[in-house]
Amino acid sequence: MIKVEGYSGKARATTIATEHGEIKTPIFMPVGTRASVKCMWQEDLYEMNAQIILGNTYHLYLRPGHELIEKVGGGLHGFMNWDRPILTDSGGFQVFSLSDINKITEEGVTFSSHIDGSKHLISPEKSMEIQKGLGSDIVMAFDECPKLPATKETLRESMELTLRWAKRCIDYKLRDYQKLFGIVQGGLHKDLRTECMQRLEEMDFPGLALGGLSVGEKNEEMVDFLNDFVHTMPDQKPRYLMGVGKPLDILNGIRAGIDMFDCVLPTRNARNGQFLTHDGPLNIKNLRFREDTLPPDPSCDCKVCKTYSRSYIRHLYTTGEFLSGNLITYHNLYFMIKMTQDAREAILADRFDDYYKEFYNRYTSRKWASGQ
């Protein structure tokens, strides 16, 4: 499934083969929670070279339902007219974060829908059934995602449940082309993570993900953990860091050896008027941009920065025009995808540390710090 093409320190460039095309890593994956990346046409995503997008099992199960998606579109690719790879998460994180949980048992999680309060049970088998219906290229195992900080005893209990659920997931028959990734849990405890990873390896998952990070621990703790742990993960399997998406966090993950990233940050922050730029985050609603004729990010070559001024986009945002969400989202996703593409080129040229330092120093210059 994976070909490792080069290293620069611990950072690596790979190609991951899927039914719907190859993925060149490191890669940032836009999140299309409800079969749509917010404010984006599929054509926009092709244009910015989004190689793979995400769908959300929990949300698509509740609306419109995986049965309808399979019946109408033959799966998510046909339903949303997207012919490149798709990864679906298991629904576990949303079950724990969005729903009123009634009970966690060996069978699964019983919860109340955040939409209408209706009762549901998602078990490992149910998660696999939904993701099989969605037809995604990469399927995630159903896991428990505890918040940090948590006691080591609590994390071990959660890890053991995750491993038992993982076995039930891998025993479920998916579509022949679908690849199931196991999720390594264990908090910031390297011994728990190592044990979890080794036991998942015995089940022979095609890829491994790190879950349970960026859920309450300090940022420096996550970075230290990644530097200490990621290089111990199998070389010949994709490495996915789930839900981590600030630009510097992604670069730190790449530096540690991670291949794949996703986060709602670029789209969510866009709806709040924030551009991601090479000089750090820029909040377009700030009054000082009212008469600013510069592009949002003068160093960016996306069509938004080539065409529109800060003054114009600020006007759109402050008057509630929908176009502002489209423009800021397009730029932010382009920025993240281009950042990982540039990182890949730096790795292949064995100059990733130089790229990292240049990006870090400029991004943290705090050029927009006053009233960001």
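Scope of this entry: the structure provided in the associated data block. In this text, all values refer to a predicted model and were calculated from it rather than measured experimentally. (Residues numbered from 1 in each chain as written. Predicted model: local features only at pLDDT ≥ 70, side-chain atom pairs only at ≥ 80, totals over all residues. Heavy atoms only, no water.)

1. Notes on the overall build of the chain
Of regular secondary structure, the chain possesses 15 helices and 16 strands. Compactness check: the chain gives a C-alpha radius of gyration of 20 Å against a globular reference of 21 Å for 372 residues, within 12% of the reference. Buried residues in the chain amount to 56% of all 372 residues. Sequence-distant contacts, at least 24 apart, represent 68% of the contacts inside the chain between residues at least 6 apart. Taken together, the 46 basic and 50 acidic charged side chains of the chain have centroids lying 4 Å from each other. (Helix = DSSP H or I, 4+ residues; strand = E, 2+ residues; numbered from the N terminus. Rg over C-alpha atoms; globule rule 2.2 N^0.38 Å. Buried < 20%, exposed > 50% of the residue type's maximum accessible area, 1.4 Å probe, protein only. Contact = heavy atoms within 4.5 Å. Lys, Arg positive; Asp, Glu negative; His and termini not counted. Charge placed at Lys NZ, Arg CZ, Asp CG, Glu CD.)

2. Examining the sheet that holds strand β3 (residues 21-25)
Judged by pairing direction, the sheet is antiparallel, and its three strands sit side by side in the order β1-β2-β3 without closing on themselves. Strand pairing shows two members of the sheet lacking a second neighbour, β1 (2-8) and β3, which therefore form its edges. Each adjacent strand pair in this sheet contributes to an overall mean axis angle of 10°, direction not counted. In this structure, β1 lies alongside strand β2 (residues 11-18), joined through six bridges in antiparallel fashion. From the neighbouring strand, Val4 faces β2, where its bridge partner is Thr14. Lying over the sheet, helix α14 (residues 322-348) contacts β1, β2 and β3, oriented at roughly 115° with respect to β2. (Pairing = 2+ DSSP bridges. Axes fitted to C-alpha atoms, helices over the stretch in contact; angles between N-to-C directions.)

3. Let's talk about empty space enclosed by the protein
What the rule picks out here adds up to one cavity of 30 Å³ or more. Reported here for the largest cavity is a volume of approximately 30 Å³. What lines the largest cavity is Pro146, Leu148, Leu155, Gln185, Gly186, Gly187, Arg193, Gly211 and Gly212. Of the residues in the lining of the largest cavity, the class split is three nonpolar, five polar and one charged. (1 Å grid on protein atoms, 1.4 Å probe; cavity = no way out; pocket = protein on both sides within 12 Å on 5 of 7 lines; lining within 4 Å. Points joined across faces, edges and corners; volume = space filled by probe spheres on them. Nonpolar A, V, L, I, M, F, W, Y, C, P; charged D, E, K, R; others polar.)

4. Points about the pairing of β3
As judged from the five bridges shared by β2 and β3, these two strands associate in the antiparallel manner. Across the sheet, the residue bridging to Ala17 is Glu22, located in β3. The loop that links β2 with its antiparallel partner β3 comprises two residues.

5. Quick look at helix α6 (residues 124-134)
Those residues of α6 that sit buried are Pro124, Ser127, Met128, Ile130, Gln131, Gly133 and Leu134. Directly beyond the C-terminal end of α6, a positive phi value near 70° is found at Gly135.

6. Remarks on the nonpolar core
In this structure, Leu45, Met48, Leu210, Leu226 and Ile254 are the most contacted members of the largest nonpolar core, which totals 98 residues. In terms of residue count, the dominant contributor to this core is α14 (twelve residues). Apart from residues no more than four positions distant in its own chain, Leu226 is found in contact with Leu210, Leu213, Leu241, Gly253 and Ala256. Of all hydrophobic cores here, the second largest spans 17 residues; its members include Ile2, Ile27, Met140 and Met242. (Core = buried A, V, L, I, M, F, W, Y, C linked by side-chain atoms within 4.5 Å.)

7. Some words on a nonpolar patch on the surface
Taken together, Leu68, Val72 and Phe79 make up a surface patch of nonpolar side chains, about 260 Å² in accessible area. Positionally, Leu68 belongs in helix α3 (residues 66-73). (Patch = residues over 30% accessible without salt bridge, like charges linked within 9 Å, V, L, I, M, F, W, Y side chains within 5 Å. Areas by Shrake-Rupley, 256 points an atom, 1.4 Å probe, with all protein chains shown as cover. Salt bridge = Lys/Arg side-chain N within 4 Å of Asp/Glu carboxyl O.)

8. Focus: the side chain of Thr88
Here Thr88 lies in strand β6 (residues 86-89). Take Thr88: its relative accessible area is 0%, and that puts it in the buried class. Separated by 2.6 Å, the side chains of Thr88 and Ser136 make a polar contact. Here Thr88 is in contact with Gly55, Thr57, Leu76, Gln131, Leu134, Ser136, Ile138, Val139 and Met140, once residues within four sequence places are set aside. (Polar contact = N/O pair within 3.5 Å; in protein donor to acceptor, adjacent residues only side chain to side chain.)

9. Here's the deal with the packing of helix α8 (residues 190-203) against helix α9 (residues 219-229)
Put simply, α8 and α9 touch, their axes get as near as 11 Å, and they point 50° apart. One finds that α8 runs oblique with respect to α9. For the pair α8 and α9, the sense of crossing is right-handed. Counting all contacts with α8, which are made through Lys190, Arg193, Thr194 and Met197, the residues of α9 involved are Phe225, Asp228 and Phe229. In terms of residue class, the contact of α8 with α9 is made up of three nonpolar, one polar and three charged. (Parallel < 35°, antiparallel > 145°, perpendicular 65-115°, else oblique. Left-handed = near helix turned anticlockwise from the far one by under 90°.)

Limitation: the analysis is restricted to geometry and does not speak to function.
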